[in-house]
Amino acid sequence: MKENDKKISGYIDQLNSEVKPKEHKKSYSSEEFGEMAETVRRLRVLREPVMPGEEFQDKLIADMMSHAQEGGIPDRRTQSKSNRSQPKSNSIQSQDDRSRLQESDTQAIRDNTKTASKIIGMRDMRDTKKSGKWARRAMILTAAVATVAVVLLAFPDWGNHRREVSIVYAMDMALQKLKAYHGIIEVTETNGFGETVLQSKREVWADQEGNYYLKELQGYYEGLITINNTKKEWQLRPGEKRVYLFPAFPDSYRFTFDLGSEVDEVKQALTVRKIGEEVVSGREAVLVEVTPEGGLPYHLWIDKETDLPLKRQSPMQNQVQITVAYTELAFIEEIPPELLSYQLPIDYEEVDANPELPVTTLYEAKTLTGLNPVLPLQIPKDYFLDGIAVLTKGEAIKLYYGREGAKGNVVLLLSKALEPLSPASQAILGIVNDMPAEFLSNYEGMSYINSIRWQQENMEYTVFGDITLEDLSEWAEEISGGKVIIPEVKEDNSKQPKIEVPVNMEAEESDQKSVDAGHSPWRLDPVFVAQVFANILISPEGIVGDYPIAYENVKIIENNGVEAIAQINDEKSIARYVYLRRLVRKDDTGIWTVVGYDPME
Amino acid sequence: MGNKKINQKEFIEKLCTETWQELYRYIYYKVQNREEAQDITQETYARAISFLTNNNVRIQESSAYLKTIAMNIIRDQWRSDQRKGSILYIDEINPEEYACEDFSDMITERAIIMEAMGNLTKEQQTVLILRVIKGYSATETAKYMKKKVGTVRVIQYRAIKALTELLKEQQREVF
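Residues numbered from 1 in each chain as written. Chains lettered and ligands numbered in written order. Predicted model: local features only at pLDDT ≥ 70, side-chain atom pairs only at ≥ 80, totals over all residues. Heavy atoms only, no water.

**Section: the overall build of chain A**
Looking only at helices and strands, one finds 13 helices and 26 strands in chain A. Relative to its 601 residues, chain A shows a buried fraction of 47%. Taking the intrachain contacts of chain A between residues at least 6 apart in sequence as the baseline, contacts between residues at least 24 apart amount to 51%. For chain A, the accessible area works out to roughly 30,300 Å², and carbon and sulfur atoms hold 51% of it. (Helix = DSSP H or I, 4+ residues; strand = E, 2+ residues; numbered from the N terminus. Buried < 20%, exposed > 50% of the residue type's maximum accessible area, 1.4 Å probe, protein only. Contact = heavy atoms within 4.5 Å. Areas by Shrake-Rupley, 256 points an atom, 1.4 Å probe, with all protein chains shown as cover.)

What follows is the structure, given as structure tokens:
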């Protein structure tokens, strides 16, 4: 098998390169390989043929004219060399080929499904001699058409969004080939009257490793320089003559329109739809509309040559539209090392805003903190321990984990459990090793960081990172030695409120837009929403001054991220339990709405 | 003599312009690569041109003859032990039936393959879609699936083996 698996892979590569496989010039090495090669060719029938270049027809006619005049057969090998459109070697051009293939393939599959039944009918009527054969074929065809639907469902990129998938994939591939880049980003704001103002202009150097150098050239923060070399982050503030030091991860200063984050966001989007082509900063670009999960659609311009984003425009919200664009962009091998090396400028004062002290061994960390935590016996595959630190204020140990050849940083924070676990108000409430646990998808306000926190044997464990909650659960299981349960999002009829509160969906949708634009952020906090509701119940005429029922007296007892129940621990309250739902959007950007309550008994 | 030349030129131009795309597609479906399809298309015309011009064959009727020649070239070029079925000859062919069968066969073929694909595991389907249908390299597929290149090759091998068996089985059921 070992030999044939490589051979068949090589055979596929040759066909994908549109060259004549060497196996077509000589016999196959074995019957098995011959059969497999035939299967590959048959499978490729699902894609449309790659047609020759435009010049093929003219050359063919010229050759045939010459042949007719000479009365002989032209030398196929020499002629074909000149006629042949060479397969494109450039990776970006290959992507074009793929896009074309995929577009035509979609059409082929559509044609396939559309015409299938028609063909069966034609055959049955026309060909009586072969009726048995065709009837059997028709049966297969009918069954296959049903299967096509199933396969299309299983592989959405085979269906209507095929073209868009090819754009996303091309971006992903281009990003993987990208080593580093240097560009100028302009952020502009357009108001409802169409007036555009430059908000900021910044120079950026960034690479695939996560290093970056960012200098504000114009705007409110002009002169500010932020550098992250993945080991530490520092910010030069010329106005203050100070350098602030921060931990490298998690990074709360990540810059807008980082190509890597941008492509990741597009990959996770619900839909990506091509809507046109335009020229951006002198470069030809494809304009797509991206609809993120739980967000409004925005426009993205993708450079045709490089397949990477050039410009992004948010939808107009509250008469404001933000556009971020690379006015200059160059791809480079690496960021100049001097930009990433830390040096305190003369006359500058260093402010250590990093509350961590790096240590070299776990023993050292344990000695400094007096903690003796349980550590994971095993860590998920491909990860390695990248660093250890102790917090300078408080007794806590931080273990940094990196991942071989892939994105994904994970940090394990260990501290003494001084108080019972008090989950954040927006947290999903789950279980880790039979203990209540907090699941957050915006750890310390950073939307790209997820976290799981729980207590075990007088210790508090927090595991966080820029990976999914499901992947983090694997860490939590390794560390805790028990199961992790994230509550499922489903309608639970057993938990219906005794008194329902009517909801105006139009108003809710309008409120969601308002919150998206930065207004009323309290609507994202179920505790706050429940508190306001409980207070309005006792003071329907309105509240002046402090709320009679305090925020501290509202406790979330259940939350699966979409539905939550708040318990009101206040004698003055009419409601004992308040039922909340995310009605408009089901993620952490969705507002909470009260849908009912249970009165105090 | 001069008129004959003009007529011949017009005929060749018209013949090539009107038929090459269909013929090329037909050949491409058999060989599945552009290089070979171009070569065989050209050789087909070279072999057919004298017959078609000297016998006043109407262009509309030439398509099936061209395909038959193309099929014979493919069979000649590939070793006989790699081939299945018998060689076709121009004399035996009924052009109308041949041209029509080709089209509907293609649709049936696609449907058969899709059905067989539906019986593979999701992982196997993904590898075949990425590698064979979308045309990604093994490395690109590995990155996309977050697997090692070797693992992708093994999944690919097993998928093609399984698909071969499924297609054989279908063949047995149908014929």
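**Digging into helix α13 (residues 526-538) of chain A**
Residues and elements named next belong to chain A. The terminal C-alpha atoms of α13, which comprises 13 residues, lie 19 Å apart, in line with the 18 Å expected from a rise of 1.5 Å per residue. Turning to α13, its buried residues number three or more, namely P526, V527, V529, A530, Q531, V532, F533, A534 and N535. By the N-cap criterion, in which a side-chain oxygen at the helix start approaches the backbone nitrogen of a residue two or three places on, α13 is capped by D525, the distance to V527 being 2.9 Å. (Expected span 1.5 Å × (residues − 1). Polar contact = N/O pair within 3.5 Å; in protein donor to acceptor, adjacent residues only side chain to side chain.)

**Quick word on unusual backbone geometry**
If a residue is not glycine, its phi is most likely negative; likewise, a peptide bond is most likely trans. Residue and element names in this part refer to chain A. Cis geometry is found at the peptide bond from F249 to P250, where omega equals -5 degrees. Secondary-structure assignment places P250 in the loop between β6 (242-247) and α8 (259-268). Although it is not a glycine, K241 sits at a positive phi angle of roughly 60 degrees. Among the structural elements, K241 can be located in the loop between β5 (232-237) and β6. Phi is positive for E444, close to 50 degrees, though the residue is something other than glycine. Looking at where E444 falls in the secondary structure, it is placed in the loop between β18 (435-440) and β19 (450-456).

**Thoughts on the sheet that holds strand β16 (residues 410-416) of chain A**
Through backbone hydrogen bonds, the strands of a sheet pair up, either in parallel or in antiparallel fashion. Residue and element names in this part refer to chain A. Here we have nine strands laid out as an open sheet, ordered β13-β14-β15-β16-β20-β19-β18-β17-β21, and antiparallel in their pairing. Two strands in the sheet have a free side with no partner beyond their single neighbour: β13 (356-359) and β21 (484-485). Sheet topology places β16 next to strand β20 (residues 459-465); seven bridges connect them, and they run antiparallel. Within β20, the residue paired with S415 across the bridge is E460. Against the sheet, helix α10 (residues 362-369) makes contact with β13, β14 (383-391) and β15 (396-403), and its axis sits at roughly 155 degrees relative to β15, the strand it touches most. On the sheet, helix α11 (residues 469-480) packs against β14, β15, β16, β17 (428-432), β18, β19, β20 and β21 and is oriented at approximately 20 degrees with respect to β19. (Pairing = 2+ DSSP bridges. Axes fitted to C-alpha atoms, helices over the stretch in contact; angles between N-to-C directions.)

**Examining the packing of aromatic side chains**
For any two aromatic rings, the description comes down to two numbers: the centre-to-centre distance and the angle of the planes. This model, assessed by the stated rule, comprises 16 aromatic pairs over all chains. Here the aromatic rings of W234 of chain A and Y342 of chain A are separated by 5.2 Å at their centres, their planes lie at 80 degrees, and the arrangement is edge-to-face. Taken together, the residues W234 of chain A in strand β5 and Y342 of chain A in the loop between α9 (337-340) and β12 (349-352) connect sequence positions 108 residues apart. Assessed through its relative accessible area of 23%, Y342 of chain A is described here as partly exposed. Here the aromatic rings of Y401 of chain A and W475 of chain A are separated by 4.7 Å at their centres, their planes lie at 55 degrees, and the arrangement is tilted. A residue pair is termed long-range when its members are at least 10 positions apart, and Y401 of chain A in strand β15 and W475 of chain A in helix α11 qualify at 74 residues. Each of the two residues, Y401 of chain A as well as W475 of chain A, counts as buried. One aromatic cluster is present, built from ring pairs that chain together F56 of chain A together with W20, Y24 and Y28 of chain B. Over the face of the ring belonging to Y342 of chain A we find K232 of chain A, whose NZ or CZ atom lies 4.1 Å from the ring centre. A cation over an aromatic ring shows up here: K311 of chain A above the ring of W301 of chain A, its NZ or CZ 4.3 Å from the ring centre. (Phe/Tyr/Trp six-rings, centres within 6.5 Å; stacked < 30°, edge-to-face > 60°. Lys NZ or Arg CZ within 6 Å of the ring centre and 35° of its normal.)

**Some remarks on a negative patch on the surface**
There is a patch of like negative charges on the surface, built from E470, D471, E474 and E477 of chain A. Secondary-structure assignment places D471 of chain A in helix α11. (Patch = residues over 30% accessible without salt bridge, like charges linked within 9 Å, V, L, I, M, F, W, Y side chains within 5 Å. Salt bridge = Lys/Arg side-chain N within 4 Å of Asp/Glu carboxyl O. Lys, Arg positive; Asp, Glu negative; His and termini not counted. Charge placed at Lys NZ, Arg CZ, Asp CG, Glu CD.)

**Remarks on the pairing of β5 of chain A**
Residues and elements named next belong to chain A. For β5, the buried fraction is high: five of the six residues fall into the buried class. Between strand β4 (residues 225-228) and the antiparallel strand that follows it, β5, lie three residues; T230 among them carries a positive phi value of about 70 degrees. Counting the residues between successive antiparallel strands, the hairpin from β5 to β6 contains four residues, one of them, K241, with a positive phi of roughly 60 degrees.

**Details of the packing of helix α5 (residues 122-133) of chain B against helix α6 (residues 138-145) of chain B**
All names here are of chain B. Taken N-terminus to C-terminus, the directions of α5 and α6 make an angle of 135 degrees; their axes are 10 Å apart at the nearest point. Here α5 is positioned oblique relative to α6, judged by the angle of their axes. The way α5 lies across α6 gives a crossing that is right-handed. Residues E123, T126, V127, L130 and R131 of α5 lie in contact with α6, whose contacting residues are A138, T141, Y144 and M145. (Parallel < 35°, antiparallel > 145°, perpendicular 65-115°, else oblique. Left-handed = near helix turned anticlockwise from the far one by under 90°.)

**Points about the confidence of the model for chain B**
All names here are of chain B. Averaged over all residues, the pLDDT of chain B is 77; the fraction at 70 or higher stands at 77%. Per-element averaging of pLDDT across chain B places helix α4 (residues 95-117) at the bottom with 65 and α5 at the top with 89. Throughout residues 80-101 the model reports pLDDT below 50, and contacts reaching past four residues in sequence, or to other chains, amount to 40 contacts. We note a pTM of 0.49 for the whole complex and an ipTM of 0.86 for its interfaces. (pLDDT = per-residue confidence, 0-100.)

**Considerations on helix α12 (residues 505-516) of chain A**
Residue and element names in this part refer to chain A. Between its first and last C-alpha, α12 extends 16 Å over 12 residues, near the 16 Å set by a 1.5 Å rise per residue. Listed in full, the buried residues belonging to α12 are E508, Q512 and V515. For α12, the buried positions fall inside an angular range of 65 degrees around the axis, keeping them on one side. For α12, exposure combined with an orientation more than 90 degrees from the buried face picks out E506 and K513. Its buried side turned inward, α12 meets β26 (593-599). You can read the cap of α12 off the contacts: a side-chain oxygen lies 3.0 Å from the backbone nitrogen of E506, and it is on N504. In the segment just after α12, G518 is the residue with positive phi, at about 105 degrees. (Arc of directions from axis to C-beta.)

**Examining the side chain of T226 of chain A**
All names here are of chain A. Note on placement: T226 falls in strand β4. A polar contact of 3.0 Å, which involves the side chain of T226, links it to the side chain of Q235. Once residues within four sequence positions are removed from consideration, T226 is found in contact with Y212, Y213, L214, E233, W234, Q235 and Y253.

**What about the confidence of the model for chain A?**
It should be kept in mind that the predicted coordinates are not to be read in detail where pLDDT is low. Residues and elements named next belong to chain A. Across chain A, pLDDT averages 79, with 81% of residues at or above 70. Segment residues 72-136 is flagged for pLDDT under 50; beyond a separation of four residues in sequence, or across chains, it makes 114 contacts in the model. Per-residue pLDDT stays below 50 along residues 144-163; that stretch engages in 41 contacts with residues further than four places along the chain or on separate chains.

**Remarks on the sheet that holds β26 of chain A**
All names here are of chain A. Here we have five strands laid out as an open sheet, ordered β22-β26-β25-β24-β23, and antiparallel in their pairing. Each of the sheet's edge strands pairs with one partner strand only, and the pair in question is β22 (499-500) and β23 (554-559). When β23 meets strand β24 (residues 563-568), the two strands line up antiparallel, connected through five bridges. Bridge pairing in β24 links E558 to I565.

**Comments concerning the nonpolar core**
The biggest cluster of nonpolar side chains holds 61 residues, and the ones touching the most others in it are L43 of chain A together with I27, Y45 and L128 of chain B. It is helix α1 (residues 2-31) of chain B that provides the largest number of residues to this core, a total of 11 residues. When residues no more than four places from it in sequence are discounted, the contact partners of I27 of chain B are Q32, A37, I40, T41, T44, A70 and I74 of chain B. (Core = buried A, V, L, I, M, F, W, Y, C linked by side-chain atoms within 4.5 Å.)

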